[in-house]
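Spelled out from the first residue to the last, the chains are:
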Amino acid sequence: MSKHIFITGGVVSSLGKGITAASVALLLKRRGYTVSMQKLDPYLNVDPGTMSPYQHGEVYVTDDGGETDLDLGHYERFAGVTCNKSSNYTTGRIYSTVISREREGGYLGGTVQVIPHITNEIKASILSLDDPDTDIVLTEIGGTAGDIESLPFLEAIRQFRHEFGKDNSIFIHLTLVPYIKAAGEMKTKPSQQSVGILREIGIIPDILICRCEHPMSDDHKQKLSLFCNVPQELVIEEQDVENSIYEVPVELARQNLDKHILGLLKLPENQLDMSDWEAMIADVIKPKNGIVDIAVVGKYIKLRDAYKSIYEALGHAGIANSVKVNIRMVEAEELEKSAVDEFLFGVDGILVPGGFGDRGIPGKLKAIRYARENNIPFLGICLGMQCAVIEFARNVCGMTDADSTEFNRQTNHPVIDLMEAQKTVTAKGGTMRLGAYPCVIKEGTKAAASYGNLKISERHRHRYEFNSAFGQRLAEKGLKVSGTSPNGALVEMIELEAHPWFVACQFHPEFKSTPLKAHPLFRDFVKAALTYGD
Ligand code: GLN
């Protein structure tokens, strides 16, 4: 059996449970263990795929086509853990499985209840990651201790510990130790109360990780240890990091968190080598090549989490080029109403990310035209590629009403159109073209130079695509198809011949970028921006 670590959160949300969980996984992997990760989310949507990015932040897509919580992005980026559909379960998903089973007569006349049926299903989802090749499964419980919705999940992990024992399952509780400015003091009471809530339902944390703005004193640790029933060396401090979230694992290792975890799970310590990670952080702190300004022109700009993986991937590209990437977040609708220079003057690169619906499209088209006409490096992703095609068709090929049928069904020039397979689809959840698909790259293109490989695989999440009926007319004016599906039917990448670096893709490269290995398209986009800025 695999060993299990459960991470819960207390006091407030947004404490960075995902980053903490991913940091723990990284340390354990570096000590030689195979780790799988999972997030259990207490909301009723079956997955976050139907939620607005403003509700939930970005929808992270896994290779197997899962539309999942953005914390899975941290798991893959930090720890190199491969996630799949079993890495994210919601209350909605658990209930829909139980209810379908009930409709099929699967409960043989029994009354179906939260306990044991829902909690059993939760335990089954945890065990779905348990296999002989996985040493440790790390499960993050979404929400905050004390939420009504979290209760079945907490009850399930309590039972899990009871059934599998403390050598096979441990609880880490992430909590907040706030600094009260007026009193000039840090307060441990909210954490004591949060542990109290867990204790009421039979969970006593083995390790307490305390988020704080200032260093904690021994007194604070002693107090928390005494009142929360946790040995003092297992009260770990997670102070806000100065430069980069990638410093968190190093900080946790400095306090021997990973050693303590292995001790509790009765696993040998092994060696820990973080030298490459530390070198990477040094690059983040002191880049050698100055700063580049990259504009991200989107419609969910107000919420940073909505483009999480894009911003992270730009950061990785900065590390790869030893340059600080300064992100200028541009609200497409505002750009639409203003002079383009007001928002984009002086930028070294322009990125248009994915999205849905027609709000902000004219602003995105304006930004793309500006990039194309001024030779500013451009990276278009998914909707960003579709907009690049529309802009080129309208302003270079003279198809003035060119559009995507997502925005205008009546257009005479549907350069972006619904995929054939999508025409009969009516349900919204999980029905797009999702997950990893192979793509074949044309030799001699910028895409080929970036990837250094003609056969790639990237993740998708869209319904519309490049309409090949217009391929010839666009090509004549210099829009080159640089990547297609293996049978040539679907256009996956385009680029402009008469431009230093104008590349767009139908897939989402941002999901596969990591701090130690920036995605090649992001890396070369930032490299081109660096050259442009010189
Ligand atoms: N709305 C577009 C489509 O469905 C693009 C989707 C995206 O950018 N993820 O094809």
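For the structure itself, consult the block above.
About the thresholds
- Residues numbered from 1 in each chain as written.
- Predicted model: local features only at pLDDT ≥ 70, side-chain atom pairs only at ≥ 80, totals over all residues.
- Heavy atoms only, no water.
- Near = heavy atom within 4 Å.
- Polar contact = N/O pair within 3.5 Å; in protein donor to acceptor, adjacent residues only side chain to side chain.
- Areas by Shrake-Rupley, 256 points an atom, 1.4 Å probe, with all protein chains shown as cover.
- Helix = DSSP H or I, 4+ residues; strand = E, 2+ residues; numbered from the N terminus.
- Nonpolar A, V, L, I, M, F, W, Y, C, P; charged D, E, K, R; others polar.
- Pairing = 2+ DSSP bridges.
- Axes fitted to C-alpha atoms, helices over the stretch in contact; angles between N-to-C directions.
- Buried < 20%, exposed > 50% of the residue type's maximum accessible area, 1.4 Å probe, protein only.

Q: I tried to follow the site of the ligand on my own but got confused; where do I start?
A: In the vicinity of the ligand, the contacting residues are Gly354, Gly355, Phe356, Cys382, Leu383, Gln386, Glu406, Arg461, His462, Arg463, Tyr464 and His508. Here Glu406 contributes a side-chain N or O atom positioned 2.7 Å from a nitrogen atom of the ligand. With the chains in place, 98% of the 300 Å² that the ligand exposes on its own is no longer accessible. Elements with a contribution of two residues or more to the shell around the ligand: α16 (383-395) and β19 (455-462). Residue composition of the shell around the ligand, by class: four nonpolar, five polar and three charged.

Q: Got a minute to help me understand the sheet that holds β19 in this structure?
A: Backbone hydrogen bonds hold the strands of a sheet together, and the pairing may be parallel or antiparallel. Strand order in the open sheet made by the nine strands is β13-β12-β14-β15-β23-β22-β21-β18-β19, with mixed pairing throughout. A strand with exactly one partner marks an edge of an open sheet, and here the two such strands are β13 (324-331) and β19. On average, each strand axis in the sheet is inclined to that of its neighbour by 25°, with strand direction left out of account. Where strand β22 (residues 491-496) lies against strand β23 (residues 502-505), three bridges are found, and the strand directions are antiparallel. Residue pairing for β23: Met493 is matched across the bridge by Cys505.

Q: How should unusual backbone geometry be read in this particular structure?
A: Phi is mostly negative for residues that are not glycine, and the peptide bonds are mostly trans. Residue Pro116 follows Ile115 across a cis peptide bond; omega there is 15°. Phi is positive for Ser14, close to 60°, though the residue is something other than glycine. Among the structural elements, Ser14 can be located in the loop between β1 (3-9) and α1 (17-30). If you check the backbone angles, Asn229 has positive phi at about 70° while not being a glycine. Among the secondary structure elements, Asn229 is positioned in the loop between α8 (218-228) and β11 (235-239). Overall, the relative accessible area of 52% leaves Asn229 in the exposed class.

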